[in-house]
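# Coordinate inspection notes
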Amino acid sequence: MSALSRTRLGYDGVVAVMPTTIPYVRYSTHSAHWWLGRALGELIRGAGIAKADVDGVCVSSFTLGPDTAVGLMQHLGMSPRWLDHIPMGGASGVVALRRAARAVQAGDAEVIACIAGDTNQVDSFRNTVSQFSRFAQDAVYPYGAGGPNASFALLTDYYMKHYGATREDFGKLCVAQRDNALKNPHALMKKPLTLAQYIDARPITDPIHLFDCVMPCAGAEGYLVMTEDRAKALKLPFVRIRSTIERHNAFPEDPIQFRGGWAMDKDALYEHAGAAPEDIDFLETYDDYPVINMMQFEDLGFCVKGEAATFVREHSFTIDGDFPFNTSGGQLSVGQAGAAGGYLGFVQALRQLTGSAGKTQVEDAKLGLVSGFGMINYDRGLCSGAALLERGTAA
Amino acid sequence: MTAPLVKPKKKNPVERTRLSTRPPVPRSRSAQGLTRAAAEGSFELQVCAECSTVQYPPREVCGNCLSAHLQWKPVDNRGQLIATTTLRHSNDLYFRERLPWRVGTVKMAAGPVVVAHVHEDCVADGPVRLTLKLDRSGQAVLHALPEKDTPNMSDAAQLRESTCDPKFRRVLVTDGKSAMGLAVAKAMLDAGANAVFLGDPTSWKANAAFDRLATDPRVQVVELDVTDTDSVDRLAASIGGKVEILVNTASYLRDGGILGRKDVILARDAMEVNVLGLMRLAQAFGPGMCFRAADGSNNAVAWVNILSIHAFAALPARGAWSASMAAALSAAQTLRAELSGAGVRVLNVFPGPIDEEWEQLTPPPKLAPAAIAKAIVKGLQDGIEDAYVGDIAEEIRERLRENHKAVERELGQ
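This one's a predicted model, so the numbers in the text were calculated from it and none came from an experiment. Residue positions within a chain follow its written sequence, with the count starting from 1. Following the order in which they are written, the chains are lettered starting with A and the ligands numbered starting with 1. The model is predicted, so local features are restricted to residues of pLDDT at least 70 and side-chain atom pairs to those at 80 or more, both for listing and for counting; the totals for chains, interfaces and linings are taken over all residues. Heavy atoms throughout the structure, all of them, feed into the side-chain values; hydrogens and water do not.

## A few points about the overall build of chain A
Our working definition: Helix and strand definitions here come from DSSP, where helices need a minimum of 4 consecutive H or I residues and strands a minimum of 2 consecutive E residues; each element is numbered from the N-terminal end. Only C-alpha atoms enter the radius of gyration, while the globule expectation follows 2.2 Å times N to the 0.38, with N the number of residues. By the convention used here, residues are in contact when the closest approach between their heavy atoms is within 4.5 Å. Working convention for charge: Lys and Arg count positive, Asp and Glu count negative, and His plus the chain ends are omitted. By convention, the point assigned to a charge is CZ for Arg, NZ for Lys, CD for Glu and CG for Asp.
Looking only at helices and strands, chain A has 14 helices and eleven strands in total. Computed over C-alpha atoms, the radius of gyration of chain A comes to 20 Å, within 12% of the 21 Å expected from 2.2 N^0.38 for 395 residues, which places it in the range of a compact globule. Over its C-alpha atoms, taken along the principal directions, chain A stretches across nearly 55 × 55 × 45 Å. When contacts within chain A are restricted to residue pairs at least 6 apart in sequence, those whose partners lie at least 24 apart make up 76%. Side chains of chain A carry 35 positive and 43 negative charges; the gap between the two charge centres is 4 Å.

As structure tokens, then:
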């Protein structure tokens, strides 16, 4: 049999609309259902549609248990003809788009609500971490119970030693993100951060210090996927999908994670979009720790492997900088609302490209790149994804 | 380099005693394969029977060829430390109380990448040896040790969380007058025990070796008859708070099967010492040891039962005694479960025939009591929980694995 090189379909006629955030709080007495329900309600009210018009739902949440998306539908009184539950943590926002866009494109659903949200009760982070996965339970958590801090400390230790990145380099990104966050009313961090404060912060798990860590919190994010025609009929500003990728358990032979799945798929991403890294007006990455930002710069083609530290030294990352980056402030400064953390960059990109980013608006932003990264199942993050998004032109 | 352990100061009676906490307990059933290996001090991982890929973390099917035929086998324990971190924060109470804590990523020569506790003498990016040890929950964990032994390496605080070294600890030897008890007491003193409480069940009976040992200033003779609840309780009330390792050497061994007599007096006596004695000791000393299970560097750590390989396979020529050994093993398993909540280890020792007066008629090879005592000390230092001592014990165990019905027939001849 000859190897057929099949052409991937584009996402013509399918758009994402209605970037929605339910403002985060550090701790919540509500359950995940409350947060997800509020996100869905906001989406419906904001789009000016009836509840029954939403005939597809895609859910991501860590704290919804024992329910899944199924139980949530009865809880919310929904009868969708298309339902998905995406347990991919930080890659959920991009992957939800991939699933929903194809379903709308194929006619399996008309309007799909993609929602992610989690509660954060005083002890829920410890519970999530201790029961995160079988491999984590058997082979990571018993080793100091450091959670993601410890896993990322090991990756960061390796990355710093091999590629010469310094704490100052990580600090520059964190400080720039904090500057961005000060313009985002939803960000939980309200005080400026200086490089000196970053460097002098207390050590958590060497070389990870306090400001390298995200703050777990409660919150929800969401958006709608529908046809371009429908978005126009509803007079909703929309965002086109130029290309997407996802990958799971990439490079299993690497002894430790120094690259993510983007490195396998970035050529396909740009080729499909007919675009190049230079064309991109802003980048929203998954940033639970600064080292993973560095890997995304490299693996998404903004610089070669090992050169991210130099790239950081040569650019500025604020909203008005020469490389606008994590313009909401990212999880490092907004907070990590569980699975909603995997939507944060995506929803912010939709804001940028629908002109609704307020004070965080990147001037003249037309093309944005969002990347996701999730699920430290054992020693590395397994899920990666990215989406190239474009501002929809006025009808 | 690891600083040598300092002899602990006398306990300050005004200060609150730190209660024990446990490292995380839950494990998958496959991961308990690690526990089985660690319990005996061997280093085994799953190996695929079809493609020979070494697996870690433990799996249900091979991560390479998807074969479901994974076997636990000894594998090369060498590796390279490729990343390390020192935790200064933990989500778990047990680790919070023991910070800072060093962990790292090791690329094994056998293939897998593992996350392990890292010994303070391991050099970053250097070669390491991995060992499987039980933690204070009794679950198996990997420790990365320096490639070669370093001075005082067993004194490192993290490693001591997996071991039960007699060094600077106080040991109760329940019957100090038997050959076994004398050998254990000497071995504990040689291993650096701070004190040995030497039980004397028969103060009316002179024993020159016992009297000689009693002249050592570290030895304190105590009256203890494990068949007498009052005697056990009196001693626990007096020294229960000081016993950090308890070695139950009280033993009753007599020849004879079941049909050869018209009474159960011998059987009852064997049960009285070997089974009920163990239970009396457990009830009297167990709670105090649990209370002190996290009390400083000389915390209560281990309970040692000297059983017999015949706990697993009866020797009909000593039928009543064999039954008491099987019962004692069962009781010891319950005790292990009950002490595990506090993190006190139960070490069960399974020797073959012992060279002592009540086994006079047993043909050689027989184990010198000193050899068993040495195995106990090593078992405590290594932190294992099952020790099979001597060629006969090892052989019977192997034969039981091959065909336990054959062993029944053969021992009955």
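## Observations concerning the sheet that holds strand E10 (residues 195–200) of chain B
All names here are of chain B. To keep things clear, this is the line we draw: Following DSSP output, two strands are said to pair if at least two bridges run between them. To get an axis, fit a line to the C-alpha atoms, keeping to the stretch in contact for a helix; angles then go from 0 to 180 degrees between the N-to-C directions.
Pairing is parallel in the open sheet, where seven strands are placed in the order E11-E10-E9-E12-E13-E14-E15. The open sheet has two edge strands with one neighbour each: strand E11 (219–223) and strand E15 (386–389). Strand after strand, the sheet turns through a mean of 20 degrees between neighbouring axes, direction not considered. Sheet topology places strand E14 (residues 345–351) next to E15; four bridges connect them, and they run parallel. Each residue of the ladder has a partner; that of Phe350, found in E15, is Tyr388.

## Overview of the sheet that holds strand E3 (residues 82–85) of chain A
Residue and element names in this part refer to chain A. Here we have nine strands laid out as an open sheet, ordered E3-E2-E4-E7-E1-E8-E11-E10-E9, and mixed in their pairing. The strands lining the two open edges of the sheet, one partner per strand, are E3 and strand E9 (282–284). Ignoring strand direction, the axes of neighbouring strands in this sheet form an average angle of 20 degrees. Alignment of strand E1 (residues 14–25) against strand E8 (residues 238–248), held across three bridges, turns out to be antiparallel. Its bridge partner being in E8, Val17 is matched across the sheet by Phe238.

## Examining the nonpolar core
Put simply, the test is: Among buried residues, those of type Ala, Val, Leu, Ile, Met, Phe, Trp, Tyr and Cys that are joined through side-chain atoms within 4.5 Å constitute a nonpolar core. Remark: exposure states derive from per-residue accessible area (1.4 Å probe, protein chains only) relative to the maximum for the residue type, with buried under 20%, exposed over 50%, and partly exposed in between.
Core analysis: the biggest nonpolar cluster contains 55 residues, and Phe152, Phe297, Leu300, Phe302, Phe317, Leu369 and Leu388 of chain A have the highest contact counts within it. If you list the elements that add at least two residues to this core, you get helix H6 (148–163), helix H7 (167–181), helix H10 (262–273), helix H11 (290–299), helix H12 (308–314), strand E10 (367–376) and strand E11 (381–391) of chain A together with strand E4 (78–87) of chain B. Per-element accounting of this core gives the leading share, seven residues, to H6 of chain A. With residues near it in sequence (within four places) discarded, Phe152 of chain A still touches Ile208, Asp288, Tyr289, Val291, Ile292, Phe373 and Ile376 of chain A.

## Re the interface of chain B and chain A
Put simply, an interface is often sized by how much accessible area is lost when its parts join up. We count it as follows: Using a 1.4 Å probe, buried area is obtained as the accessible area two parts lose upon being combined, added over both of them. For this analysis, a salt bridge means a side-chain nitrogen from Lys or Arg found within 4 Å of a carboxyl oxygen belonging to Asp or Glu. The definition of a polar contact used here is a pair of N or O atoms within 3.5 Å, where within protein one atom must be able to donate a hydrogen and the other to accept one, and adjacent residues in sequence count solely through side-chain atom pairs. By the convention adopted, Pro, Cys, Tyr, Trp, Phe, Met, Ile, Leu, Val and Ala count as nonpolar, Lys, Arg, Asp and Glu as charged, and the other residues, Gly among them, as polar.
Contacts between chain B and chain A engage 37 residues on the former and 30 residues on the latter. Carbon and sulfur atoms supply 58% of the area that chain B and chain A bury against each other, a total of about 2,900 Å² over both sides. The largest per-residue losses of area from chain B upon contact with chain A belong to Arg88, Asn91 and Val115 of chain B, which jointly make up 22% of the total buried on that side. Viewed at the interface, chain A and chain B are joined by three salt bridges. One salt bridge in this structure joins Asp206 of chain A and Arg88 of chain B, with 2.6 Å as the shortest N-O distance. At the boundary of chain B with chain A, the tally comes to 18 residue pairs in polar contact (both at pLDDT 80 or more). Elements that contribute at least two residues to the side of chain B that touches chain A include exactly E4, strand E5 (101–108), strand E6 (113–118) and strand E8 (140–146) of chain B. In terms of residues, the side of chain B that touches chain A owes the most to one element, E4 of chain B, which gives six residues. The class makeup of the residues in the side of chain B that touches chain A is 19 nonpolar, eleven polar and seven charged.

## Re the layout of surface pockets
All names here are of chain B. Let me state the cut-off plainly: Using a 1 Å grid laid over the protein atoms alone, points where a 1.4 Å probe fits but cannot get out form a cavity; open sets with protein on both sides within 12 Å along at least 5 of 7 lines form a pocket; any residue with an atom within 4 Å of a point counts as lining. Grid points are joined across faces, edges and corners, and a volume is the space filled by probe spheres set on the points.
The computed volume of the second largest pocket comes to approximately 800 Å³. As for the second largest pocket, its lining consists of 35 residues, and the residues nearest its centre are Asp175, Ser178, Ser251, Tyr252 and Trp358. Residue assignment for the lining of the second largest pocket shows that the elements contributing at least two residues are helix H4 (179–190) and helix H8 (319–340). Partitioned by chemical class, the residues of the lining of the second largest pocket number 17 nonpolar, ten polar and eight charged.

## Some remarks on the packing of helix H10 (residues 391–402) of chain B against helix H11 (residues 404–411) of chain B
All names here are of chain B. Basically, it comes down to this: For classification purposes, angles smaller than 35 degrees are called roughly parallel, those larger than 145 roughly antiparallel, those between 65 and 115 roughly perpendicular, and all remaining angles oblique.
Where H10 meets H11, the closest approach of the two axes is 5 Å, and the angle between their N-to-C directions is 130 degrees. Comparing the axis directions of H10 and H11 gives the class oblique. Residues Arg399, Leu400 and Glu402 of H10 pack against His404, Val407 and Glu410 of H11. Within the contact of H10 with H11, the residues separate by chemical class into two nonpolar, one polar and three charged.

## What about the pairing of strand E7 (residues 127–134) of chain B?
Where a strand is regular, its side chains alternate between the two sheet faces. Residues and elements named next belong to chain B. A large share of E7 lies buried, amounting to six of its eight residues. Across three bridges, the pairing between E4 and E7 is antiparallel. When the sheet's bridge partners are listed, Gly79 is paired in E7 with Val128. Pairing geometry for E7 and E8, over seven bridges, is antiparallel.

## Here we look at the domain arrangement of chain B
Residues and elements named next belong to chain B. Spelled out, the test is: For the purposes of this description, domain bounds are those given by an automatic or database domain assignment.
As assigned here, chain B comprises domain 1 (32–160) and domain 2 (170–411). Computed from C-alpha atoms alone, the centre-to-centre distance between domain 1 and domain 2 is 31 Å. Taken together, the contact between domain 1 and domain 2 spans ten residues of the former and 14 residues of the latter. Summed over both sides, the interface between domain 1 and domain 2 buries roughly 960 Å², with carbon and sulfur atoms accounting for 37% of that surface. When the area that domain 1 buries against domain 2 is broken down by residue, the three leading residues are Glu40, Leu134 and Arg136, summing to 54%. Our enumeration of links across domain 1 and domain 2 arrives at one salt bridge. Where Glu40 meets Arg397, a salt bridge forms, and the shortest distance between an N and an O atom there is 2.6 Å. Elements that contribute at least two residues to the side of domain 1 that touches domain 2 include exactly helix H1 (32–40) and E7. A total of three residues in the side of domain 1 that touches domain 2 trace back to one element, the largest contributor, which is H1. Considering only residue class, the side of domain 1 that touches domain 2 consists of three nonpolar, one polar and six charged.

## A look at the state of the cysteines
For clarity, the threshold we go by: Disulfide: a pair of cysteine sulfur atoms within 2.5 Å of each other.
Going through the model one piece at a time under the given rule, you end up with zero disulfides over all chains. No disulfide involves Cys217 of chain A; its sulfur sits 14 Å from the nearest other cysteine sulfur, which is in Cys213 of chain A. No disulfide involves Cys164 of chain B; its sulfur sits 13 Å from that of Cys290 of chain B, the nearest cysteine. Looking at Cys164 of chain B, the relative accessible area reads 1%, which means it is buried.

## Some remarks on empty space enclosed by the protein
Applying the stated criterion across every chain, the model contains seven cavities of 30 Å³ or more. Of the voids in this model, the largest cavity is the one considered here, and its volume is about 120 Å³. As for the largest cavity, its lining consists of 15 residues, and the residues nearest its centre are Val140, Ala150, Ser151 and Leu154 of chain A together with Val115 of chain B. If you list the elements that add at least two residues to the lining of the largest cavity, you get H6 of chain A together with E5 and E6 of chain B.

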